[in-house]
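What follows is the residue order along each chain.
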Amino acid sequence: MFPRVLFAACLFTTCHVDGSIFMEEGDYFNQDGSEFLQRRLHPPFSCPDMSPSPTIPTSVEFVKAADVKVIAALGDSLTTAIGANGSTILSIPFEFRQVSWSIGGYGTYQNVITLANIFKLFNPKLLGPAPMMTFHNSPLTVNESGFNFAITGHNTLNISDQIRTMINTFREYPGLNFEEDWKVVTVLIGMNDICDYCKDPTLFSPDNFIHHMTEALDLMMSEIPRTIVNVVQILPMEPLREVQRPTLGCQLQKSFCSCLTVPEENSPELTELLEINFEFQRRLKKLLLSDRFFKKDFAVVLQPYLENAGPPRLPNGTLDLSFFTADCFHFTVKGHEELAKGLWNNMFQPEGEKEMIETFSEPVKLICPSKEHPYIYTKPRNKSSAAALKQFSVNTMMLASLFTVFSYL
């Protein structure tokens, strides 16, 4: 689905190749990410309690950040971080997995904020962070991608294939204890289904989206022990129509998400697509806000922080284009860092109290696990409510028995 543009770009611009740096007049990007060391570092982040549990937890309800030994990610081009570390069209075929919001392992938290780099503060021996850049459509090894199993251009119908690759890798990877190690897997997929909806409304319908997601989560629950799965809610995609530059790169938007970008404003086609976007969100929420994917050593948690997220804007109200890559569609590192912080925060907030991002204009502030509940939140609210109701019933029966006893005294 993603176009090959690297060589086409050179037909329209002045560019040359010099070692690891591809250059265009007036701009550049660096493949290995070393420019992060040249910019101001993020302030240190620490929490009062960053220690693991005294013994390895056996219940998914009592897993601290430092107990997590393995991190992985599934999805599409947003998770492969296509073009994220460059501002020219020449960066688009490159996947900057090392800075991906959910799995990037470049440097440390102070170099770039990713979910993996935050977890590395709690467990420096974490397995799985993606170490380097990859090239779109090239064969990958785990030494290049880490446990970033996302594939640019994939739809939800492909997600089970990614999971099968992940399971096989976990079983074979040196130093990973498949049965004992606690794992965090982050999934964000479905935007390409929306981008392709008008081309095949049946194949990319909400029904099929939920079918493939259910099948994928069932597969993980049946085969991977000691796992917490973050399913990140799909973004509202309409604001991407506003991201425009008079550049060749921005024309790509019409190629790989034409169902969103081509229809006229207020057209029936656009109205239908935006309703489909909302229906994907609604159906995913309905699937996951239950105890279907919850057992003693496994939980799937909906992380909803992006559900209503508005686009980043400058003080004058115009879009802040520094969050978007040259194709006017994907996020730069600046955007990836906000996605990472929002996800971390949601993981340590209970269902019903998870922080929702209103706009990317305001930087997300990281939170620490609370002293009262230092664990990743996993238990569905309705399961907690059922337990509370059961306890209430038991207490009521006990009181009734006591009153009966006292009535005979």
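All values reported here derive from a predicted model rather than from experimental measurement.

Focus: the packing of aromatic side chains
According to the stated counting rule, one finds 14 aromatic pairs in the structure shown. Judged by centre distance (6.5 Å) and plane angle (45 degrees), the ring pair of Phe 323 and Phe 360 falls under tilted. Separated by 37 residues along the polypeptide, Phe 323 in the loop between β10 (298–303) and α11 (333–347) and Phe 360 in the loop between α11 and α12 (381–407) bring together distant segments of the chain. The burial state of Phe 323 is the same as that of Phe 360; both residues are buried. Positioned above the aromatic ring of Phe 178, the side-chain terminus of Lys 183 is 5.5 Å from the ring centre.

Some words on the nonpolar core
The biggest cluster of nonpolar side chains holds 98 residues, and the ones touching the most others in it are Phe 119, Met 166, Phe 170, Met 220 and Trp 344. The element best represented in this core is helix α7 (residues 206–223), accounting for eight residues. Discounting chain neighbours no more than four positions away, the residues touching Phe 119 are Ala 65, Val 68, Ile 71, Leu 126, Val 184, Trp 344, Met 347 and Ile 376. Core analysis: the second largest hydrophobic core is formed by nine residues, Ala 84, Phe 94, Phe 96 and Tyr 106 among them.

Describing the environment of Val 60
Assignment of secondary structure puts Val 60 in the loop between β3 (27–30) and β4 (68–75). The sequence separation of Val 60 and Ile 376 amounts to 316 residues, and the corresponding C-alpha distance is 8.5 Å. In this structure, Val 60 is in contact with Trp 182, Thr 227, Ile 228, Phe 294, Lys 295, Lys 296, Asp 297, Phe 298, Ala 299, Ile 376 and Thr 378, ignoring residues within four places of it in sequence.

Some thoughts on the state of the cysteines
All chains considered together, the criterion is met by three disulfides. Two residues share a disulfide in this structure: Cys 198 and Cys 259, whose sulfurs sit 2.0 Å from each other. Around the S-S axis, the bridge from Cys 198 to Cys 259 shows a dihedral of about -80 degrees and counts as left-handed. Taken together, the residues Cys 198 in the loop between α6 (191–195) and α7 and Cys 259 in helix α9 (residues 258–261) connect sequence positions 61 residues apart. Here Cys 198 falls in the partly exposed class, since its relative accessible area comes to 47%.

A word on empty space enclosed by the protein
A full pass over the atoms with the stated rule returns three cavities of 30 Å³ or more. Each pocket or cavity is described by its volume, and for the largest cavity that value is around 280 Å³. Leu 235, Pro 236, Leu 240, Phe 329 and Phe 331 are the residues nearest the centre of the largest cavity, which is lined by 21 residues in total. Looking at the lining of the largest cavity residue by residue, the class counts come to 16 nonpolar, four polar and one charged.

Things to note about the environment of Lys 125
Mapped onto the elements of the fold, Lys 125 is located in the loop between α3 (115–122) and β6 (134–135). When the C-alpha atoms of Lys 125 and Val 70 are compared, they prove to be 9.0 Å apart, with 55 residues separating the residues in sequence.

Regarding the pairing of β10
Most of β10 sits inside the fold, with six of its six residues counted as buried. Going residue by residue along β10, you find Phe 298, Val 300 and Leu 302 tucked away on one face and Ala 299, Val 301 and Gln 303 tucked away on the opposite face as well. Where strand β8 (residues 227–232) meets β10, six bridges bridge the pair, whose relative direction is parallel. Directly across from Ile 228, in β10, lies its bridge partner Ala 299. As paired strands, strand β9 (residues 294–295) and β10 are joined by two bridges and run antiparallel to one another. Bridge assignment links Lys 295 to a residue of β10, and that residue is Phe 298. Linkage of β9 to β10, two consecutive antiparallel strands, is achieved through a turn of two residues.

A short note on the side chain of Ser 77
For Ser 77, the position within the fold is in helix α2 (residues 77–80). Only 2.6 Å separates the side chain of Ser 77 from the side chain of His 330, close enough to count as a polar contact. In this structure Ser 77 touches Ile 82, Ile 151, Thr 152, Gly 153 and His 330, once residues within four positions along its chain are discounted.

Some points on the packing of helix α5 (residues 159–172) against α7
α7 packs onto α5 with a crossing angle of 15 degrees between their chain directions and a minimal axis gap of 9 Å. It follows that α5 is roughly parallel to α7 by the angle criterion. Crossing of α5 over α7 shows right-handed handedness. Each of Ile 159, Ser 160, Ile 163, Arg 164, Met 166, Ile 167 and Arg 171 in α5 lies in contact with α7, whose residues at this interface are His 212, Glu 215, Ala 216, Leu 219, Met 220 and Glu 223.

Observations regarding the sheet that holds β4
To summarise the sheet geometry, strands pair through backbone hydrogen bonds and adopt either a parallel or an antiparallel arrangement. In spatial order, the strands read β4-β7-β8-β10-β9; together these five strands make up an open sheet with mixed pairing. The open sheet has two edge strands, β4 and β9, and neither has a second partner. The pairing of β4 with strand β7 (residues 182–188) spans seven bridges and is parallel. By the bridge assignment for β7, Gly 75 is matched with Leu 188. In this fold α3 packs onto β4, β7 and β8, with an angle of close to 175 degrees to the strand it touches most, β4. Packed on one face of the sheet, α5 meets β4 and β7 and runs near 155 degrees to β4.

About the criteria used
- Here the residue numbering is sequential within each chain, running from 1 through the sequence in written order.
- The predicted origin of the model limits local features to residues at a pLDDT of at least 70 and limits the giving and counting of side-chain atom pairs to 80 or more, whereas totals for whole chains, interfaces and linings rest on all residues.
- The basis for the side-chain values is all heavy atoms of the structure; hydrogens and waters are excluded.
- Only centres within 6.5 Å qualify two rings of Phe, Tyr or Trp (six-membered ring in Trp) as a pair; their planes then separate them into stacked at under 30 degrees, edge-to-face at over 60, and tilted for everything else.
- Here a strand is any run of E in DSSP of at least two residues, a helix any run of H or I of at least four, and the numbering for each starts at the N terminus.
- Only protein chains enter the accessibility calculation, which uses a 1.4 Å probe. A residue is then buried if its area is under 20% of the maximum for its type, exposed if over 50%, and partly exposed in between.
- We call a charge positioned above a ring when the Lys NZ or Arg CZ atom is no farther than 6 Å from the ring centre and deviates by at most 35 degrees from the ring normal.
- Note on terminology: a nonpolar core comprises buried Ala, Val, Leu, Ile, Met, Phe, Trp, Tyr and Cys residues joined through side-chain atoms within 4.5 Å.
- Only heavy atoms enter the contact rule, under which two residues are in contact if any of them lie within 4.5 Å.
- Two cysteine sulfurs form a disulfide in these notes if their separation is within 2.5 Å.
- Buriedness for pockets is judged along seven lines, at least five of which must meet protein on both sides within 12 Å for an open set on the 1 Å grid over protein atoms alone, while cavities are sets there where a 1.4 Å probe fits but cannot get out, and lining residues have an atom within 4 Å of a point.
- Grid points are joined across faces, edges and corners, and a volume is the space filled by probe spheres set on the points.
- Each residue gets one of three labels, nonpolar for Ala, Val, Leu, Ile, Met, Phe, Trp, Tyr, Cys and Pro, charged for Asp, Glu, Lys and Arg, and polar for the others, Gly among them.
- DSSP calls a pair of strands paired once it identifies at least 2 bridges connecting them.
- In protein, a polar contact requires one atom able to donate a hydrogen and another able to accept it; more generally it is a pair of N or O atoms within 3.5 Å, and residues adjacent in sequence count only if both atoms are side-chain atoms.
- Between N-to-C directions, angles span 0 to 180 degrees; the directions come from axes that are lines fitted to C-alpha atoms, helices contributing only their stretch in contact.
- Working definition: roughly parallel below 35 degrees, roughly antiparallel above 145 degrees, roughly perpendicular at 65 to 115 degrees, and oblique for all remaining angles.
- Less than a right angle of anticlockwise turn of the near helix away from the far helix marks a crossing as left-handed, whereas a clockwise turn marks it as right-handed.

None of the figures reported here should be taken as evidence of function without further support.
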